[in-house]
Amino acid sequence: MGTLTVRENLQFSAALRLPKSVKEQEKNERVNQIIKELGLSKVADSKVGTQFSRGVSGGERKRTNIGMELITDPAILFLDEPTTGLDASTANAVLLLLKRMSNQGRTIIFSIHQPRYSIFRLFDSLTLLAAGRLLYHGPAQHAIEYFQSIGYQCEPYNNPADFFLDVINGDSTAVAMNKADESNTADSTEECSEYDKTLAEQLAEKYCNSAYYRETKVHLESISSGNKKKTKGLFRQITYANSFLHQLKWVSRRTFKNLIGNPQASIAQLCITSFLGLIVGAIYFGLEENSAGLQNRVGAMFFLTTNQCFSSVSALELFVVEKKIFIHEYISGYYRTSVYFIAKLMADLIPIRTMPSIIFTCIVYFMLGLKPTVQAFFTMMFTLMMVSYTATSMALAIAAGQSVVAIANLFMTVAFVFMIIFSGLLVNLTSIMSWLSWLKYFSIPRYGMTALQINELTDLNFCGSSNNTVLSSGSSYRQTGQMPCTGEEYLKSQGIDASTWGLWQNHLALACMTLIFLTIAYLKLHFMKKFS
């Protein structure tokens, strides 16, 4: 996690992967020992680094990765291309470290491309693969002799690793000469690829006839004899070293640290919310109780609910950005899926979704001059929060398990566009045909807008002014074409129940939708393909 320091990342691994029987002091000693072993003492308290902030070097980041696995003191360590992206000197340093660890009794297995000679000479055992076939497996320092015995001579001063890759890819001087001797017509790409395939098969056959193959086969048979049980399922059984609550404490702590350490998105959202609140307040400033006041109140409420919906689109990235980290830590036994899910909700829903709703309400409510009662103020705040929570939950349900944010963004936008049509402003819901009217029950903005209208318009009279014949655009009033005099009349013309139950049923519907969307998001995360 780039927003944490090297030490904090290692402590996170120790806290979740070592059992509770290991005391806190012992865990810290283990962390300090690994930092010393990996040569990370100088950068132990430096942040690893993100796309927004500079951190440790590439080599130090790789060593931190290795350190997080060494916390459990594993007998076998698998590494996928540990030198990729590193310069020659740093790659050499990482491999020397791995060699020292192997001398301490660990088995270290890794894939590597084009290692320099100083790295190659550290290898004990070497495996060469091409076109899905095994071309050599045996002592690394005997590989040159083996290839000489089958007719491939390594030129003086040539790096053995490069020579082997040239041979198996058909690019070495010896192979090129063979190509020229055997056929002068193999010019097309198809013929060349066929030749390379045959070459890989030839090399594989030669290896099958070698002493190294026979020794390996005998050794494998001696290991596998007496152990005929299928073990495929065992590799997918994840065991946890700690309880649910212990995991939740540490994952939540890291999530909040990540939020504080990478505050750009949160600060930007709060600033934009404050700015939008002031703009809306200025446009609808000082609403009066007349026809224009009714139209402006409804327009303001429509904007508030729509804004809450679209501001939740930022939640799409919540599970997508950290997908790789989550999969790696889940299959490594750091934490349960439910722990990660709850921690992310606590870090996103509470600060990032609740605060904008509070700020928005505080700015807009008093600038607009809405109902001057405490109950109406907090009802509006609660309604905007519920709309935000529901829209965010829908975003999570759409995005969970996705690898590309753009696709989730597209689905989200299309869904909101349809929801806004059925919100109650753009079309009078009582006039929609029965076979389409059921769609209004899936509209998040409709529930929010209905609750806000009941909260604000009840007990208001709009006929106090002589200007009472102006119709609100997009709304359908009584057949007389006259402006409704009271808030209750307007609500009735919109098919809205203005009773107490009529108000709170909207919040109940939003709560139910939130629970359904969160359940979908969790199930998608739980059943997401995690093993390759």
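Residues numbered from 1 in each chain as written. Predicted model: local features only at pLDDT ≥ 70, side-chain atom pairs only at ≥ 80, totals over all residues. Heavy atoms only, no water.

(A) Looking closely at the pairing of strand β1 (residues 76–80). Where burial is concerned, the two faces of β1 differ: the one with L77 and L79 is buried and the one with I76, F78 and D80 is not. For β1 and strand β2 (residues 107–111), the ladder comprises five bridges, and the chain directions are parallel. Note on β2: the bridge partner recorded for F78 is I109. For the segment spanning β1, helix α4 (residues 88–103) and β2, crossover handedness is right-handed. (Buried < 20%, exposed > 50% of the residue type's maximum accessible area, 1.4 Å probe, protein only. Helix = DSSP H or I, 4+ residues; strand = E, 2+ residues; numbered from the N terminus. Pairing = 2+ DSSP bridges. Right-handed = clockwise from strand over helix to strand, strands pointing away.)

(B) A look at the pattern of salt bridges. In total, this model carries eight salt bridges according to the counting rule given. D45 serves as the salt-bridge partner of R7, at 3.0 Å between the closest nitrogen and oxygen. Of this pair, R7 sits in helix α1 (residues 6–17) while D45 sits in the loop between α2 (24–37) and α3 (58–70), placing them 38 residues apart in sequence. Residue R7 is classed as partly exposed on the basis of its relative accessible area, which comes to 22%. (Salt bridge = Lys/Arg side-chain N within 4 Å of Asp/Glu carboxyl O.)

(C) Layout of the nonpolar core. Ranked by internal contacts, the top residues of the largest apolar core, which has 103 residues, are L98, L126, F147, Y335 and I444. When residues of this core are assigned to their parent elements, the largest contribution, nine residues, is made by helix α17 (residues 374–399). (Core = buried A, V, L, I, M, F, W, Y, C linked by side-chain atoms within 4.5 Å.)

(D) Focus on the packing of α1 against helix α11 (residues 244–261). Their axes nearest at 10 Å, the elements α1 and α11 cross at an angle of 165°. When the axes of α1 and α11 are compared, the pair comes out roughly antiparallel. Where α1 crosses over α11, the handedness of that crossing is left-handed. Residues E8, Q11, F12, A15 and L16 of α1 touch α11, and the partners they reach there are H246, Q247, W250, V251, R254 and K257. (Axes fitted to C-alpha atoms, helices over the stretch in contact; angles between N-to-C directions. Parallel < 35°, antiparallel > 145°, perpendicular 65-115°, else oblique. Left-handed = near helix turned anticlockwise from the far one by under 90°. Contact = heavy atoms within 4.5 Å.)

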